[in-house]
Amino acid sequence: MNKARSIRPDLQLIADLVAPGTRVLDIGCADGELLDHLVHEKGINGRGIEISQDGVNRCVARGLSVIQGDADNDLAEYPDQSFDTVILSRTLQAVRQPRTVLLELLRIGKRAIVTIPNFGQWHVRMSLLTRGRMPVTKALHRTWYNTENIHFCTILDLHDLIEAEDINLLEFVPHQKDGRRLKMGLKRANLFADQALYLLEK
């Protein structure tokens, strides 16, 4: 019997929400760790989009169907409801038009799983307050000049956008970088969670 492939704990939270045998698009799939897990452990029909050529090469080396592209420019090519689930992991804050991208996810997928780093977390707030510099933390480990992040979104910010666009929030999972779930309300999660996962439906 083959041993199950282990993946990063935060990616496992995403994988737990994906139904076996479904059609999945992973946008910003990096080296394909999550997509590879879903294909081999859940038997999904998986596709991926990755902006970096190195990431695409790593995915293809794993035998994955991944193309080079980016969320801002290439999602319009996909037909409506062409996937059961569309995944955007720690990428929304790095796109130029997050609102447009979020709506595109829910156009091409029946459901979307979105995860974000939480810029409202208390370490981030304290770092900016006490050091007067853009924070570098375990979850936000790059400095301001080499980060991919261009929209500094908090958990509350994304909730506001979800409500404004009349998007159904099916599940909300605030968590730490190690994948540990935090059982708390929205405002406390905005203060204490490193990251958050949203399962969405239009």
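Note that the structure is predicted; figures quoted are calculated from it, not measured.

Reading guide: rules and limits
Residues numbered from 1 in each chain as written. Predicted model: local features only at pLDDT ≥ 70, side-chain atom pairs only at ≥ 80, totals over all residues. Heavy atoms only, no water. Helix = DSSP H or I, 4+ residues; strand = E, 2+ residues; numbered from the N terminus. Buried < 20%, exposed > 50% of the residue type's maximum accessible area, 1.4 Å probe, protein only. Contact = heavy atoms within 4.5 Å. Pairing = 2+ DSSP bridges. Right-handed = clockwise from strand over helix to strand, strands pointing away. pLDDT = per-residue confidence, 0-100. Phe/Tyr/Trp six-rings, centres within 6.5 Å; stacked < 30°, edge-to-face > 60°. Polar contact = N/O pair within 3.5 Å; in protein donor to acceptor, adjacent residues only side chain to side chain. Core = buried A, V, L, I, M, F, W, Y, C linked by side-chain atoms within 4.5 Å. Arc of directions from axis to C-beta.

## Regarding unusual backbone geometry
The backbone phi angle of Ala 30 is positive, close to 55°, even though this residue is not glycine. With respect to the helices, strands and loops of the structure, Ala 30 is situated in the loop between β1 (23–27) and α2 (33–42). In this model, Arg 90 sits at a positive phi of 50°, which is unusual for a non-glycine residue. With respect to the element layout, Arg 90 can be found in the loop between β4 (83–89) and α5 (98–108).

## What about the side chain of Thr 85?
For Thr 85, the location among the structural elements is in strand β4. Of the residues examined, Thr 85 reaches a relative accessible area of 8% and is grouped as buried. Each residue touching Thr 85, except ones within four places of it in the same chain, is listed here: Arg 23, Val 24, Leu 25, Arg 111 and Ile 113.

## Points about the pairing of β1
Regular strands have side chains that alternate between both faces of the sheet. Of all the five residues making up β1, four are buried; the element is thus mostly covered by neighbouring parts of the structure. Sheet topology note: the β1/strand β2 (residues 45–50) ladder contains five bridges and is parallel. For Arg 23, the partnering residue across the bridge sits in β2 and is Asn 45. Once you follow β1 into α2 and on to β2, the crossover reads as right-handed. Here β1 runs beside β4; their pairing, made up of four bridges, is parallel.

## Details of the confidence of the model for the protein chain
With 88% of its residues at a pLDDT of 70 or more, the protein chain shows a mean pLDDT of 90. Mean pLDDT across the elements of the protein chain bottoms out in helix α6 (residues 122–131) (76) and peaks in β1 (98).

## Details of the packing of aromatic side chains
Summed over all chains, the structure comprises three aromatic pairs. For the ring pair Phe 172 and Tyr 198, a centre distance of 5.3 Å and an interplane angle of 45° mean the geometry is tilted. Here Tyr 198 lies in strand β7 (residues 195–201) and Phe 172 lies in strand β6 (residues 168–175), a separation of 26 residues in the sequence. On the basis of relative accessible area, Tyr 198 is assigned to the buried category, the value being 0%.

## Points about the side chain of Gln 93
Residue placement: Gln 93 occurs in the loop between β4 and α5. There is a polar contact of 2.9 Å between the side chain of Gln 93 and the backbone oxygen of Arg 90.

## What about the nonpolar core?
Core analysis: the biggest nonpolar cluster contains 30 residues, and Ile 27, Leu 105, Val 114 and Leu 158 have the highest contact counts within it. Broken down by element, this core gets its largest block of residues, five residues, from α5. Membership of the second largest hydrophobic core comes to 21 residues, among which are Ile 7, Ala 15, Leu 64 and Ile 87.

## Topic: helix α7 (residues 155–164)
For α7, every residue scored as buried is listed here: Ile 155, Leu 158, His 159 and Ile 162. Taken around the axis of α7, the buried residues stretch over an arc of 105°, which confines them to a single face. Against α5, β5 (109–117), β6, α8 (186–192) and β7 lie the buried residues of α7. Asp 166 sits one or two positions beyond α7 and adopts a positive phi of about 55°.

## Comments concerning the environment of Thr 154
Structurally, Thr 154 is set in the loop between α6 and α7. Residue classification places Thr 154 among the buried residues on the basis of a relative accessible area of 14%. Apart from residues lying up to four places away in sequence, Thr 154 is in contact with Ile 116, Asn 118, Phe 119, Gly 120 and Asn 190.

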